[in-house]
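A closer look at the structure
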Amino acid sequence: MLLPREMLDSLNLQVGDELQIIDTDDGVILRPVRHDNYKRQINAARVVMDKYEAALQKLAKEAGY
């Protein structure tokens, strides 16, 4: 599901955050699933590493790793 950037910003959400969908008689409620900060930081690091994989490999090679 895609949400507009303005909605993500107003709800303090980021791309990749999980939402719980609650069905009610009046419609649905979208509620953020909050993980502890450690998991969120690990996920953010993975996104960055995936996005910049080639550059990180080049830097590692130049550093002798």
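Counting restarts for each chain, with residues numbered from 1 along the sequence as it is written. This being a predicted model, a pLDDT of at least 70 is required before a residue's local features are given, and a value of 80 or more before pairs of side-chain atoms are given or counted; all residues contribute to the totals for chains, interfaces and linings. Heavy atoms throughout the structure, all of them, feed into the side-chain values; hydrogens and water do not.

Turning next to the overall build of the chain. Only DSSP runs of H or I covering at least 4 residues are called helices, and only runs of E covering at least 2 are called strands; the numbering of each starts at the N terminus. Within the chain one finds three helices and two strands. For the chain, the N- to C-terminal ordering of α and β elements is α-β-β-α-α. The quantity called the radius of gyration is restricted to C-alpha atoms. Its globule counterpart is 2.2 Å times the number of residues to the power 0.38. In terms of C-alpha radius of gyration, the chain reaches 17 Å, well past the compact-globule figure of 11 Å for 65 residues. Here the C-alpha coordinates of the chain stretch approximately 60 × 25 × 15 Å along the principal axes. Out of the 65 residues belonging to the chain, those deemed buried represent 3%. Accessible area for the chain stands at about 6,100 Å²; split by element, carbon and sulfur atoms hold 55% of it. In this charge count, Lys and Arg are treated as positive and Asp and Glu as negative; neither His nor the chain ends contribute. For charged residues, the charge sits on one atom: NZ in Lys, CZ in Arg, CG in Asp, CD in Glu. Side-chain charges in the chain split into 9 positive and 11 negative, and the spacing between the mean points of these groups amounts to 10 Å. Relative accessibility thresholds used throughout: buried, under 20% of the residue-type maximum; exposed, over 50%; partly exposed, between the two (1.4 Å probe, protein chains only). Where accessible areas are quoted, they stem from the Shrake-Rupley method and a 1.4 Å probe; at the residue level, only the protein chains shown are allowed to cover.

This part is about the pattern of salt bridges. A pair is scored as a salt bridge if a Lys or Arg side-chain nitrogen falls within 4 Å of a carboxyl oxygen belonging to Asp or Glu. Counted under the stated rule, the structure contains one salt bridge. Salt-bridge contacts for Asp 9 lead to Arg 5; the nearest nitrogen and oxygen are separated by 3.4 Å. Here the residue Asp 9 and the residue Arg 5 both occupy positions in helix α1 (residues 5–10), the gap between them amounting to four residues, near one helical turn. Look at Asp 9 and you get partly exposed, because its relative accessible area is 48%. Residue class for Arg 5 comes out partly exposed when judged on its relative accessible area of 43%.

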